[in-house]
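Coordinate inspection notes
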Amino acid sequence: MEKIIEEQKQGTSLVLEQKKENTKKLFIESYGCAMNFSDSEIVASILNDQGYNTTQNLEEADLVLVNTCSIRDKAEQTIRKRLEKYNAVKKINPSMKVGVLGCMAERLKSQFLEEEKIVDMVVGPDAYKDIPNLLKEVEEGRDAINVILSKEETYGDISPVRLNSNGVNAFVSITRGCDNMCTFCVVPFTRGRERSREPQSIIGEIKDLWEKGFKEVCLLGQNVDSYLWYGGGLKKDFEKASEMEKATAVDFAQLLEMCAIQFPKMRFRFSTSNPQDMHEEVLHVIAKYHNVCNYIHLPVQSGSTRILKEMNRQHTREEYMDLIDKIRTIIPNCSISQDMITGFPTETEDDHQDTLSLMRYVKYDFGYMFAYSERPGTLAARKMEDDVPEGIKKRRLQEIVDLQQELSLERTQRFLGQTVEILIEKESKKSNAHWSGRNSENTVAVFPKENYKVGDFVLVKINDCTTATLIGEAVGYSEVMN
C-alpha cells in the first residue's frame, strides 16, 4: 500500500492549459494513490495532443475519464457512485463517452463493459498510449478495452502536463508495478510486474520541471527502493542480464545521488519504500546531501512477526527494528511515517499489542492507518477468512490512531525553538495572511507572509506547534536562495 493523496484532493477534476486549436472537452478525475494522480497527467498529455482540452464542467464534456483505485472497498464504492453520476449526465448528453482507467479497470473489466454496461471504455495502467485507438473503437459503436499488462511500459517518453499544480512540487514516476506479493494487496495484479524507467528520461523530466520553476520533486513508485535500470526489462529478469548490463546498472541510491548532484537547488523526496528493499547506501545519500529530504515513508503494516508472515511481508518485526536503528544512527533527524493495517485475518490481541509496542519503539512522525478490508482477487481473500469482528477492528484502529496522535505531538515538539528551512507551497488554509510549507522532515509549518512568495526557501523560527503543524515566524531566506 502506498501513500494516499490527501482526502480533500480525492476526485478533483484536473485542468491544464488550454490549446486554442483543440475542440473537444475532457473531464478527468483521480482517486487513490499518488501514482494514479501522476498517471492522470500522462493521460491528459496524450489526449491534449488528440484535440482535447480539460474542463471542470462535467455537463460539457465529450469524454469523461475516472482514474480508479482498488486498494480499499471504500474507494471502489466512491467510484461506483461517480459512474452513476456520469451516466445520469450521459442521458442528457448521449454523445458523451465514459471510460474507467487504472486499477479498478483491470479488476472489473467484464463487469463494467458486459454485465453492467456502465462505461464505453476500460483502460488498464499500461495501456494509456492506446487510448486514441480505443476512442476510435468507441466512436464506431464498439466497446473498447485494453487491460494488457506490459513488461516494458514506463511512459518515460511522455512529458506529463502538470494538473492542478502549485508550480512548486511535482511527482516523477521512476518505477511501475510491484513484485512483492503481499497477501492483502491487489497492485501486482492490477499494475503488473516491476520495471524501472531509464535514468536519463527521469533526469530529463526533472530538468524540464526545474526550468519551469518547480522546487521539489517526489520520485514515485510502488516500491522505489528496488529501482534497477539495466537497459530495460523486468526487475526479476536482472539475473539473466549480461555482465556489461550488470556492471552499468543504476540502482536507487545511485539515481537519488544523480538527482541531488545535478539539481543542487531542488529538493528531493521519494515514496514508497519497502523495508526489505531499503539499502544502507540510500541512507548515506540522504545524510550526505542537504537537498535530499530527511524523511522516509516506511510501511510496516503490523508489529507482529506472525501477522507479517501471514501478509507475506518479506521482513520480521526484528528486521524492521534493525532498519529503524540504522536510520536513526545514519540520519539522526529523520522523520519516519507508516502504513498500518489492523484486524488482518487471525490477528489476536497479542498481535495488536505488538503493533502498539513497535509504534512506541519507532516513534513515527505520522501514519496512514486502516482497518483491514478484504480485496477480491488477493491471496488473503482467496485463502483466509476475514475473521476479526468489525467492532474489534474499529477499537484496535482507534487505539492505533490515538497512539499515533501522541507520537506525532512528541515528534513535532522537537522543533520548538529551532530555526528550520521551509519551502513555501501555498497559502495557509486557515489564514490568507500566512504561508504554508514543509521542512525537510515533511512537517507542515505556517508563518506570516511578509514579503516572501510561493517557491521561496525560508528560514522559520518555530515558536509553537500542534500534532501536525509547526507555527513560527520567518527570519530570512535560506542559503539555497543565493
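The structure under discussion appears in the preceding block.
Here we summarise the structure given alongside this text. This is a predicted model, so every value here is computed, not measured.

1. Brief notes about the sheet that holds strand β13 (residues 267–271)
With respect to topology, three strands assemble into an open sheet ordered β7-β10-β13, the strand pairing being parallel. Two strands lie at the open edges of the sheet, namely β7 (169–173) and β13, each paired on one side alone. If you compare each strand with its neighbour and ignore which way they point, the axes differ by 25° on average. With five bridges connecting them, β7 and strand β10 (residues 216–220) associate as parallel partners. If you follow Phe171 over to β10, its bridge partner there is Cys218. Lying over the sheet, helix α1 (residues 34–48) contacts β7 and β10, oriented at roughly 90° with respect to β7. Relative to β7, helix α7 (residues 199–211) is tilted by about 165°, and along the sheet it contacts β7, β10 and β13.

2. Things to note about helix α5 (residues 131–139)
All of the buried residues in α5 are Ile131, Pro132, Leu134, Leu135 and Val138. In a view along the axis of α5, the buried residues occupy a sector of 160°, so they form one face of it. Here the buried face of α5 lies against α1, β2 (52–54), β3 (63–68), β4 (97–102), β5 (121–123) and β6 (144–146). Taken from the residues just after α5, Gly141 is the one with a positive phi, measuring 90°.

3. Considerations on the packing of aromatic side chains
Following the criterion strictly, the structure yields eight aromatic pairs and no others. Pairing Phe263 with Phe268 gives two aromatic rings, centres 6.5 Å apart and planes at 55°, and the pair type is tilted. Using a relative accessible area of 0% as the deciding quantity, one classes Phe268 as buried. Summarising the aromatic geometry, the rings of Tyr295 and Phe366 are spaced 5.6 Å apart at their centres and angled 25° between planes, so their arrangement reads as stacked. Placement of Tyr295 in strand β14 (residues 295–297) and of Phe366 in strand β16 (residues 366–371) is noted, with a sequence separation of 71 residues between them. The buried category is assigned to Tyr295, whose relative accessible area is 5%.

4. Details of the environment of Ser436
Within the element layout of this structure, Ser436 appears in strand β18 (residues 434–438). For Ser436 and Asn451, which are 15 residues apart along the polypeptide, the C-alpha to C-alpha distance reads 14 Å. Setting aside residues no more than four positions away along its own chain, Ser436 makes contact with Leu423, Ile424, Glu425, Lys426, Glu427, Ser428, Val444, Ala445 and Val446.

5. Topic: the packing of helix α10 (residues 280–288) against helix α12 (residues 317–330)
Where α10 meets α12, the axes come as close as 10 Å, and the angle between the chain directions of the two elements is 25°. Considering their axes alone, α10 and α12 lie roughly parallel with respect to each other. The chirality of how α10 crosses α12 is right-handed. Of the residues in α12, those in contact with Glu280, Leu283, His284 and Ala287 of α10 are Lys326, Ile327 and Ile330. Residues belonging to the contact of α10 with α12 are distributed by class as follows: four nonpolar, one polar and two charged.

What counts, and where the lines are drawn
- Residues numbered from 1 in each chain as written.
- Predicted model: local features only at pLDDT ≥ 70, side-chain atom pairs only at ≥ 80, totals over all residues.
- Heavy atoms only, no water.
- Pairing = 2+ DSSP bridges.
- Helix = DSSP H or I, 4+ residues; strand = E, 2+ residues; numbered from the N terminus.
- Axes fitted to C-alpha atoms, helices over the stretch in contact; angles between N-to-C directions.
- Contact = heavy atoms within 4.5 Å.
- Buried < 20%, exposed > 50% of the residue type's maximum accessible area, 1.4 Å probe, protein only.
- Arc of directions from axis to C-beta.
- Phe/Tyr/Trp six-rings, centres within 6.5 Å; stacked < 30°, edge-to-face > 60°.
- Parallel < 35°, antiparallel > 145°, perpendicular 65-115°, else oblique.
- Left-handed = near helix turned anticlockwise from the far one by under 90°.
- Nonpolar A, V, L, I, M, F, W, Y, C, P; charged D, E, K, R; others polar.

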